[in-house]
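Read off the chains here:
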Amino acid sequence: MPLATTDDGVRLHYEESGAGTPVLFIHEFAGDHRSWEPQVSALSSRYRCIVYSARGYPPSDVPAELERYSQARARDDALAVLDHLGIERAHVVGLSMGGFATLHFGLKYPKRARSLVVAGCGYGAAPDGREQFRASCEALARRLETLGMAEGGREYAIGPARVQLQKKNPEAWNAFAERFAAGSATGRALTMRGVQMRRPSLWDLVEDMKRIRVPVLLMAGDEDEACLEPALLMKRSIPTSGLLVFPRSGHMLNLEEPEAFNRALLEFFRPAEQGTPGLAA
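Residues numbered from 1 in each chain as written. Predicted model: local features only at pLDDT ≥ 70, side-chain atom pairs only at ≥ 80, totals over all residues. Heavy atoms only, no water.

Asks: Lay out the overall build of the protein chain with the relevant residues and their values.
Replies: If you tally the helices and strands in the protein chain, you get 13 helices and eight strands. Computed over C-alpha atoms, the radius of gyration of the protein chain comes to 17 Å, within 12% of the 19 Å expected from 2.2 N^0.38 for 281 residues, which places it in the range of a compact globule. Taken along the three principal axes of its C-alpha coordinates, the protein chain extends 55 × 40 × 35 Å. Residues classed as buried in the protein chain amount to 57% of the 281 residues present. At a minimum sequence separation of 6, the contacts of the protein chain that also span at least 24 residues come to 77%. Total accessible area on the protein chain stands at roughly 11,800 Å², and carbon and sulfur atoms take up 50% of it. Of the charged side chains in the protein chain, 34 are positive and 35 negative; the average position of the first set lies 4 Å away from that of the second. (Helix = DSSP H or I, 4+ residues; strand = E, 2+ residues; numbered from the N terminus. Rg over C-alpha atoms; globule rule 2.2 N^0.38 Å. Buried < 20%, exposed > 50% of the residue type's maximum accessible area, 1.4 Å probe, protein only. Contact = heavy atoms within 4.5 Å. Areas by Shrake-Rupley, 256 points an atom, 1.4 Å probe, with all protein chains shown as cover. Lys, Arg positive; Asp, Glu negative; His and termini not counted. Charge placed at Lys NZ, Arg CZ, Asp CG, Glu CD.)

Here you go:
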């Protein structure tokens, strides 16, 4: 089983498929490396697609200490995978929690990114909702620890921005829900407390985002209420960004609308690689 080791000794499971320009995919809180199967299947004929499971998500290691989970760690774990594979620059694609990691990767390591795709990013980001968000994160972490993933995560899997997938593609939703229920309650609870609860608000990153110069594609579903205003904030702040809003879509864009999502990636990667004016890194 291929493993990349981080600077603090955590082993991350990764998989790769295809050849060409590297694309690194970073999954959401409720997913894992398998969440990107529709993208890998479609893009691996043209790109070297790399997926990995975050720390706390088997078959990656599940550290037991809270201090080993943070937004900075999530950002640097992406770098660890690229370093392990000897990849200097890659397109970096993230959804939700992975979208935050992608954004922070671009802020810290811009020379390692050919482009950034930040999708479904924004939960808990609004300054006036921070305390409520943190309280809900802690409540979910406790439920997972007390009841286990299957029972404790049941409501999360059918949240108002996830039922869209259930309606559009029940088979894909069932696969997502089964994988989520089989995850590590310890890893998810620590991720919720260490990464989600403690990450900085996007509103605190505006000045940093103004300095981004790599091409950025922002994506949001129009029924994913918590991510719409943050997407607009990022669009207004990042000078090299474009915003794509998916109609009648929720949070799991890459699974809800895989063909449209994949098409957007391909159309975005091409000018980013060719150095089209306004997109050149």
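There's plenty left to go through after this.
Asks: Tell me about the pairing of strand β6 (residues 113-119), residues and numbers included.
Replies: Among the seven residues in β6, six count as buried, and that is most of the element. Note: strand β5 (residues 90-95) against β6, six bridges, orientation parallel. The residue of β6 that forms the bridge with Val92 is Leu116. Relative to strand β7 (residues 216-221), β6 runs parallel, the two being bridged by four bridges. From the neighbouring strand, Leu116 faces β7, where its bridge partner is Val216. (Pairing = 2+ DSSP bridges.)

Asks: For the pattern of salt bridges, give the residues involved together with the corresponding values.
Replies: For the structure on display, the rule yields 24 salt bridges. As a salt-bridge pair, Arg193 and Glu138 come within 2.9 Å of each other at their nearest N and O atoms. Of this pair, Arg193 sits in helix α9 (residues 185-196) while Glu138 sits in helix α4 (residues 130-147), and the two are 55 residues apart along the sequence. You'll find Arg193 and Glu138 in the same group, each marked buried. When the shortest N-O distance is used, the salt bridge between Arg236 and Glu229 registers 3.5 Å. Judged by its relative accessible area of 41%, Glu229 falls in the partly exposed class. One salt-bridge network, held together by shared partners, links Asp7, Asp8, Arg55, Glu65, Arg68, Arg73 and Asp77. (Salt bridge = Lys/Arg side-chain N within 4 Å of Asp/Glu carboxyl O.)

Asks: Please give an account of the environment of Arg179 that cites residues and values.
Replies: Summarising the element assignment, Arg179 is placed in helix α8 (residues 170-181). At a separation of 3.2 Å, a polar atom in the side chain of Arg179 contacts the side chain of Glu37. (Polar contact = N/O pair within 3.5 Å; in protein donor to acceptor, adjacent residues only side chain to side chain.)

Asks: Describe the sheet that holds strand β1 (residues 3-5), listing the residues and the values that go with them.
Replies: Strand order across the open sheet formed by eight strands is β1-β2-β4-β3-β5-β6-β7-β8, with mixed pairing between neighbours. Edge strands, defined here as strands with exactly one partner in the open sheet, are β1 and β8 (241-246). Pairwise comparison of adjacent strand axes, ignoring direction, gives a mean angle of 25° for this sheet. Packing against the sheet, helix α11 (residues 225-237) makes contact with β6, β7 and β8, and its axis sits at approximately 160° to β7. The strands touched by helix α13 (residues 258-274) within the sheet are β3 (21-26), β4 (47-52), β5, β6, β7 and β8, with β6 carrying the most contacts at an inclination of about 150°. (Axes fitted to C-alpha atoms, helices over the stretch in contact; angles between N-to-C directions.)

In short, geometric facts, not functional conclusions.
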